[in-house]
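# Analysis of the macromolecular model
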Amino acid sequence: SNGKIKAKEKFSADAVLIDTAEYYHPNGKLRLAYYYPYKMEKESTKVTDTLVLVFRDSLGQTHLSNGDGYAELYDENNTAENPLQMIEKGSFKNHKRTGQWTGYFLNKKYTFEEEYDNGKIVTGVSRDSSNTTYPYTESNYMVQPSYPGDIITLRRFIANNFSFPKQAISQRVNGTIIVSFSIDSSGNMVDLKINKSLGLGTDEEAIRVLKRAKHWSPGIMRGVPVKVAYTLPIRLNIK
């Protein structure tokens, strides 16, 4: 918004972040640079490592060089309304996190302290404003919500329980409904919304079926159950 460059990133043809990525302070000075070495496997890009090259403060002083030193990592999706949704502070050694790291996340609702050894979390604990603690290790550091079985099980449930409205049958409906929803911190499917409609009663039927689906396991961020958004296409074709 101030006319200064915010970031420089390079992507492969299949939309994978590769090569050198640079991020800048609001005053236009370089803040952070990564290098993503990569290789091609059957026309797919695979990043083989994440190397942190440099971290500088807003005055231009270097605190980390070539993978060694102190750094502050921000959420690169920060906006003017939410300038610091997450920040992580700590040291790197040979491009790997080491020792104690601290910070906050989810718009400062939670703070955390964690201990690293050669890039691996040994222990960690998050705290909310009432000082409730959420211990975690590598296993529950970051976990996506999961449907009982897997997402294929959910698709099979939809296919087996979707009842085509008479109007959709008579007009031989063909296309894709796109539904968005969130899995809340208790594992409930909430905020269901049709993003792409086929009409003919199919939108209402898609919502009805999803509301009958099983309870999910919630997503986890640093030991804390969190709300996670999803988008699900439902393909319909009467022939």
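Now for a quick tour of the structure. (Residues numbered from 1 in each chain as written. Predicted model: local features only at pLDDT ≥ 70, side-chain atom pairs only at ≥ 80, totals over all residues. Heavy atoms only, no water.)

### Considerations on the sheet that holds strand 7 (residues 62-65)
- Pairing in this open sheet of eleven strands is antiparallel, and the strands run 1-2-3-6-7-8-9-10-11-12-13 from one edge to the other. Lying at the two open borders of the sheet, with one neighbouring strand each, are strand 1 (7-11) and strand 13 (133-136). Adjacent strand axes in the sheet meet at a mean angle of 15 degrees, parallel and antiparallel pairs treated alike.
- Summarising the sheet, strand 9 (residues 87-93) and strand 10 (residues 96-105) pair through six bridges and their orientation is antiparallel. (Pairing = 2+ DSSP bridges. Helix = DSSP H or I, 4+ residues; strand = E, 2+ residues; numbered from the N terminus. Axes fitted to C-alpha atoms, helices over the stretch in contact; angles between N-to-C directions.)

### A closer look at the pairing of strand 12 (residues 120-127)
- Sheet topology places strand 11 (residues 110-117) next to strand 12; seven bridges connect them, and they run antiparallel. Looking at strand 12, one finds that E114 is bridged to G124.
- Remark: two residues form the turn of the hairpin made by strand 11 and strand 12, two consecutive strands paired antiparallel; N118 in that turn has positive phi of roughly 55 degrees.
- Pairing geometry for strand 12 and strand 13, over four bridges, is antiparallel. If you follow G124 over to strand 13, its bridge partner there is Y136.
- Remark: five residues form the turn of the hairpin made by strand 12 and strand 13, two consecutive strands paired antiparallel; N131 in that turn has positive phi of roughly 70 degrees.

### Describing the packing of helix 1 (residues 151-161) against helix 3 (residues 202-211)
- Where helix 1 contacts helix 3, the axes come no closer than 10 Å and their chain directions differ by 125 degrees. As the angle between them shows, helix 1 and helix 3 are arranged oblique. Both helix 1 and helix 3 take part in a crossing whose hand is right-handed. Within the contact between the two elements, helix 1 uses L154, F157, I158 and N161 and helix 3 uses E205, R208, V209 and L210.
- In the contact of helix 1 with helix 3, the residues fall into five nonpolar, one polar and two charged. (Parallel < 35°, antiparallel > 145°, perpendicular 65-115°, else oblique. Left-handed = near helix turned anticlockwise from the far one by under 90°. Contact = heavy atoms within 4.5 Å. Nonpolar A, V, L, I, M, F, W, Y, C, P; charged D, E, K, R; others polar.)

### So, the side chain of R97
- In this fold, R97 is placed in strand 10.
- A polar contact of 3.4 Å, which involves the side chain of R97, links it to the side chain of Y116.
- Once you skip the residues sitting within four places of it in the chain, R97 turns out to touch L73, E88, S91, F92, E114, Y116, D117, N118, G119 and R222. (Polar contact = N/O pair within 3.5 Å; in protein donor to acceptor, adjacent residues only side chain to side chain.)

### Some thoughts on the nonpolar core
- Grouped together as the largest cluster of nonpolar side chains are 24 residues, with contacts concentrated most on L32, Y34, L73 and F92.
- Going through the elements one at a time, strand 2 (17-24), strand 3 (30-36), strand 6 (51-56), strand 8 (68-74), strand 10, strand 11 and strand 18 (224-226) are the ones with two or more residues in this core.
- Beyond its immediate stretch of four places on either side in the chain, L73 contacts L32, Y34, M86, I87, E88, F92, R97 and W101.
- Judged by nonpolar contacts, the second largest core, of 22 residues, contains F157, I183, L236 and I238. (Core = buried A, V, L, I, M, F, W, Y, C linked by side-chain atoms within 4.5 Å. Buried < 20%, exposed > 50% of the residue type's maximum accessible area, 1.4 Å probe, protein only.)

### Describing the side chain of S180
- Mapped onto the fold, S180 is located in strand 15 (residues 174-183).
- Looking at S180, the relative accessible area reads 13%, which means it is buried.
- Not counting the four nearest positions on each side in its chain, S180 is found in contact with D191, L192, K193, N195, Y230 and T231.

### Quick notes on the packing of aromatic side chains
- Per the stated rule, a full pass over the model turns up 14 aromatic pairs.
- Judged by centre distance (5.4 Å) and plane angle (20 degrees), the rings of F105 and Y110 are stacked. Per residue, the accessibility class of F105 equals that of Y110, and both read buried.
- Taking 5.6 Å as the distance between ring centres and 70 degrees as the angle between the ring planes, the aromatic pair formed by Y147 and W216 counts as edge-to-face. Taken together, the positions of Y147 in the loop between strand 14 (142-143) and helix 1 and W216 in the loop between helix 3 and strand 17 (219-221) put the pair 69 residues apart, joining distant regions of the chain.
- For Y147, a relative accessible area of 6% translates into the label buried.
- Through successive ring pairs, a cluster of aromatic residues spans F105, Y110, F112 and Y134.
- One cation-aromatic arrangement involves R222 over F105; the distance from NZ or CZ to the ring centre is 6.0 Å.
- Geometry around F112 places R222 over its ring, the cationic atom sitting 3.8 Å from the centre. (Phe/Tyr/Trp six-rings, centres within 6.5 Å; stacked < 30°, edge-to-face > 60°. Lys NZ or Arg CZ within 6 Å of the ring centre and 35° of its normal.)

### Thoughts on the pattern of salt bridges
- All told, the structure shown has eight salt bridges when counted by the stated rule.
- A salt bridge links E205 to R208; the nearest nitrogen and oxygen atoms lie 2.6 Å apart. Placement of the pair is E205 and R208 together in helix 3, with a separation of three residues, close to one helical turn.
- Through salt bridges with shared partners, a single ionic network connects E88, R97, E114 and R222. (Salt bridge = Lys/Arg side-chain N within 4 Å of Asp/Glu carboxyl O.)

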